[in-house]
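The primary structure of each chain is shown beneath.
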Amino acid sequence: VCFIPGGLDCSISFVSHVLGKVCIHGRQKEILGVLVPRLTELTQSDCIWQRMCWRLVECVPDRWMEAVVLGFVQQAPGADVLSRLLGNLVVKNKKAQFVVTQKILLLQYGHTTAVLQNLLGYLSLDGLRRPLLLRVLQELLETWSSSSAVKHSPAEQQLYISKAILICLSHLKEPEIDSCRQELMMSMMEGTKCHLDSSLPQLRRLGMVVAESISLRINTEGPVLKFEYEDDDETREMKSLLVQTPSFFVVPSLPDDDRSEKAGAALPLVPESNEKSHTAAPVMPDEESDAELDSDDDLLPYDMSEDKELKVKAPVYIRDCIEVLTGSKSEDVDKWEATVKALESLVRKNPVATREVSVELAKILLHLEEKTCIEGFVELRQRAQVAVLTTDPIPVAKYLTSQFYSLNYSLRQRMDILDVLVLAAQELSCPKFHGKTKHSGAQNPSIQLPLGSDSSKDWRRIVDERIKSKTRRFNTGRSHVELASCPNQFNSVAGYFFFPLIQHFDRPLTTFDLLGEDHLVLGRLVHTLAILMYLAVNTVAVTAMGKALLEFVWVLRFHTDSYVRQGLLSCISSLLLSVPAEQILADMTEELLETQSWLGDVMEKDPDGDCRRLALQNLLLMENLKKKLEAVPS
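The shown structure was predicted, so the numbers you read here are calculated from the model rather than taken from an experiment.

Q: Before we move on, could you go through the overall build of the protein and cite the residues and values that matter?
A: A tally of regular secondary structure across the protein gives 33 helices and 0 strands. Sorting the 634 residues of the protein into buried and exposed places 46% on the buried side. For the protein, long-range pairs separated by at least 24 residues make up 74% of all intrachain contacts whose partners lie at least 6 apart in sequence.

Printed below as a string of structure tokens:
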């Protein structure tokens, strides 16, 4: 830094122009990486240097102001340093105010948490800037509580806005909270509803964390909101933003002897009376001593080492199981538990007896509720449902698919139907290993669908494995396990699983509207259809299924929910991987050309990153299909 001798006046506008020009050309890190540490040191105790620094930034032309302000926010080591360097720039300069209060917070979302802390902490450190902090919080809450913003903005931006809201809340003082308590309450209620309505678990969890934090600040004395969700690194980081961590002075390390002396000197002195009270034996009142004498500690326990738990014998016939689950014997809790645990194996061992009562048994299992705290009840019930469906596929599939669109079912039951259909289709379509019997819990090495979970979670693994299987690689590694050649049992029943599900999706019921508020179930349905389409590869009905699925996708392609759009793009992937290329060329050429145009728009414009990735993947599959057809001689 150059000093001008003689007390002469000078203008630093030229330096401001140079700084702005360098920053607008993308060299913020290089110049401010040197300038900010030096100015931080000079402005720490010199008010003249502070004024010079303020003047330096104020003289930057508006067309370069954004690059300079953003560079300072990113390079400053803390909000207090940023406040010294920029002063009240956001109050004096409209362009800087727009950048700080609008562009960085609402129009961008790629900045780090440290940048947000610097920016919002800077607004909170001066009385002239605090009104801007309140205004920023209101605008952030408006965006956070907007159902349109939740549907159309990516999850990364939702996380960014949520972090900004929590940081703002951490800087609010009690009088400021009192002045906007009602607005905070209304925003919290609207935003919580929007986020809980989302099909994406991450957005639902974000809504819960922010709602809990707002409730904690506005209800300091009364009850606060508390949701049940699984804590992870993201939620723990967000909760930590609500608490401002004070900066502590770091004591330099000392030698061991000096450290012990300093630590001893730092300990508070304890009066003699307190020391005596710690070492003296406590005197028990008479009542407590009597109670001690009357305790049961002196009684000898019974020797129960040789006792054995009485095991209830499980039923050995299917009809006995039905009677236990529905009849008067259902009051016997131990018998009921034993029946639920043994039902799956009993169904698989007695296929003939199961077929006689398969639909009745499927109905009982669909409506079966947990009577006791039996471990893994949901999984046991699902395994039994899959066993019944695989034992007698056609009538049970007809029953389940018809019940999916019936009245008086909860959303949970409808999603259970979809999971059972997927798991049964997987079991019917997968071959068995040599020398090994396949049980209900067996997982195919390339398609893994965990029981009791969303059947669409592993869709990306399914597609990736299928693409990998079509890719030629030359290596000398271990050979794969040979699979027994056996008929695909899903071949003759695929239509019973698929077509009834795709028929009535656009017919709303009194308590069930797939195209309305029940978009979570619609997303699960779309992913289920995609997986059924994939599992139908090489079946007779695969071409008809592909055409019906393509029409279904075309109707819903502009759906506002990102989870549904991900499922639709997965449907396109399964169609391209399952339907023979010749059939696609013969029966679906025009539809695929329109689909290709739509995929291009999704890849460029969709706000969801997973949708863009799936669209790109589908375009690559189409390109590979085109090359494959061109390589075939006519």
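On we go from here.
Q: Just give me the short version of the nonpolar core, but keep the residues and values in it.
A: With 94 residues, the main nonpolar core has F404, F490, F497 and L525 as its most contacted residues. Looking at this core, the element that brings in the most residues is helix α28 (residues 519–535), giving 11 residues. L39, L56, L133 and L169 belong to the second largest nonpolar core, which has 77 residues in total.

Q: I'd like to hear about the pattern of salt bridges, residue by residue, with values.
A: In total, this model carries 19 salt bridges according to the counting rule given. Between K92 and E58 there is a salt bridge whose closest N-O contact spans 3.1 Å. Of the two residues, K92 is situated in helix α6 (residues 89–92) and E58 in helix α3 (residues 47–58); the sequence distance between them amounts to 34 residues. On the basis of relative accessible area, K92 is assigned to the exposed category, the value being 58%. When its relative accessible area of 23% is taken as the criterion, E58 is described as partly exposed. We note a salt bridge from R383 to E379, for which the minimum N-O separation is 2.8 Å. Of this pair, R383 and E379 both sit in helix α23 (residues 377–391), 4 residues apart, roughly one helical turn. Using a relative accessible area of 18% as the deciding quantity, one classes R383 as buried. Sharing partners across several salt bridges, the network here consists of E344, R348 and E427.

Q: Residues and numbers for the packing of helix α7 (residues 94–107) against helix α8 (residues 113–124), please.
A: Between α7 and α8, the shortest axis-to-axis distance is 11 Å and the interhelical angle comes to 155°. Regarding the angle of α7 to α8, the classification is roughly antiparallel. Note that α7 runs across α8; the crossing there is left-handed. Together, V100, I104 and L105 of α7 and L116, L119, L120 and L123 of α8 make up the contact between the two elements. Residues that form the contact of α7 with α8 fall into these classes: 7 nonpolar, no polar and no charged.

Q: Residues and numbers for the environment of Q583, please.
A: With respect to the element layout, Q583 can be found in helix α31 (residues 581–587). The exposure class assigned to Q583 is partly exposed, which follows from its relative accessible area of 32%. Distance in space between the C-alpha atoms of Q583 and V542 is 9.8 Å, their sequence separation being 41 residues.

Q: Kindly report on unusual backbone geometry, identifying the contributing residues and their values.
A: For N408, which is not glycine, the phi torsion reads 65° and is therefore positive. You can see N408 is positioned in the loop between α24 (393–404) and α25 (411–429). Not every positive phi belongs to a glycine, and N538 is a case in point at roughly 70°.

Q: Can you lay out helix α9 (residues 130–144) for me, pointing to particular residues and giving the numbers?
A: Between its terminal C-alpha atoms α9 stretches 21 Å, which fits the 21 Å expected from 15 residues at 1.5 Å a residue. Turning to α9, its buried residues are R130, L132, L133, V136, L137, L140, L141 and W144.

Q: Explain the environment of L225 to me, and be specific about the residues and the numbers.
A: Mapping L225 onto the fold places it in the loop between α14 (201–218) and α15 (233–241). Measuring from C-alpha to C-alpha, the distance between L225 and M208 comes to 8.8 Å, with 17 residues separating the pair along the chain.

Q: So what's going on with a negative patch on the surface? Residues and values would help.
A: A cluster of like negative charges, contributed by E551, D587, E590, E591 and E594, occupies part of the molecular surface. With 3 residues, the single largest contributor to the negative patch is helix α32 (residues 589–605). Looking at the element boundaries, E594 is found in helix α32. Relative accessible area serves as the criterion here: at 43%, E594 is assigned to the partly exposed category.

Q: Give me a nonpolar patch on the surface: which residues, what numbers.
A: On the surface, a cluster of nonpolar side chains totalling about 290 Å² of accessible area is made up of F14, V15 and V18. Turning to its location among the elements, V15 is positioned in helix α1 (residues 13–24).

Q: Account for the packing of α8 against α9, with residues named and values stated.
A: Viewed as axis vectors pointing N to C, α8 and α9 meet at an angle of 130°, and their least axial separation amounts to 6 Å. The angle between the axes of α8 and α9 places the two elements in the oblique class. When α8 is examined against α9, the residues L120, L123 and S124 are found in contact with a partner set consisting of R130, L132, L133 and V136.

Q: Now, about helix α5 (residues 79–86): what can you tell me, with residues and values included?
A: With 7 of its 8 residues buried, α5 lies for the most part within the structure. Taken as a whole, α5 has its buried residues at A79, V81, L82, S83, R84, L85 and L86. Against the buried residues of α5 lie α2 (28–42), α3, α4 (62–75), α6 and α8. Just downstream of α5 lies G87, where phi reads positive at about 60°.

Q: Let's hear about the packing of aromatic side chains: which residues, and what values?
A: On inspection of all chains with the given rule, the structure shows 6 aromatic pairs. An angle of 90° between the planes, with centres 5.8 Å apart, marks the rings of F404 and F512 as edge-to-face. Separated by 108 residues along the polypeptide, F404 in helix α24 and F512 in the loop between α27 (494–503) and α28 bring together distant segments of the chain. Each of the two residues, F404 as well as F512, counts as buried. Ring geometry for F490 and F497: centres 5.3 Å apart, planes at 80°, overall edge-to-face.

Q: Could you give an account of the confidence of the model for the protein, with specific residues and numbers?
A: In this model, the protein carries a mean pLDDT of 80, and residues with pLDDT of at least 70 account for 78%. Note on residues 474–481: pLDDT under 50 across the span, and 1 contact to partners over four residues away in sequence or across chains.

Cut-offs used in this document
Residues numbered from 1 in each chain as written. Predicted model: local features only at pLDDT ≥ 70, side-chain atom pairs only at ≥ 80, totals over all residues. Heavy atoms only, no water. Helix = DSSP H or I, 4+ residues; strand = E, 2+ residues; numbered from the N terminus. Buried < 20%, exposed > 50% of the residue type's maximum accessible area, 1.4 Å probe, protein only. Contact = heavy atoms within 4.5 Å. Core = buried A, V, L, I, M, F, W, Y, C linked by side-chain atoms within 4.5 Å. Salt bridge = Lys/Arg side-chain N within 4 Å of Asp/Glu carboxyl O. Axes fitted to C-alpha atoms, helices over the stretch in contact; angles between N-to-C directions. Parallel < 35°, antiparallel > 145°, perpendicular 65-115°, else oblique. Left-handed = near helix turned anticlockwise from the far one by under 90°. Nonpolar A, V, L, I, M, F, W, Y, C, P; charged D, E, K, R; others polar. Expected span 1.5 Å × (residues − 1). Patch = residues over 30% accessible without salt bridge, like charges linked within 9 Å, V, L, I, M, F, W, Y side chains within 5 Å. Areas by Shrake-Rupley, 256 points an atom, 1.4 Å probe, with all protein chains shown as cover. Lys, Arg positive; Asp, Glu negative; His and termini not counted. Charge placed at Lys NZ, Arg CZ, Asp CG, Glu CD. Phe/Tyr/Trp six-rings, centres within 6.5 Å; stacked < 30°, edge-to-face > 60°. pLDDT = per-residue confidence, 0-100.

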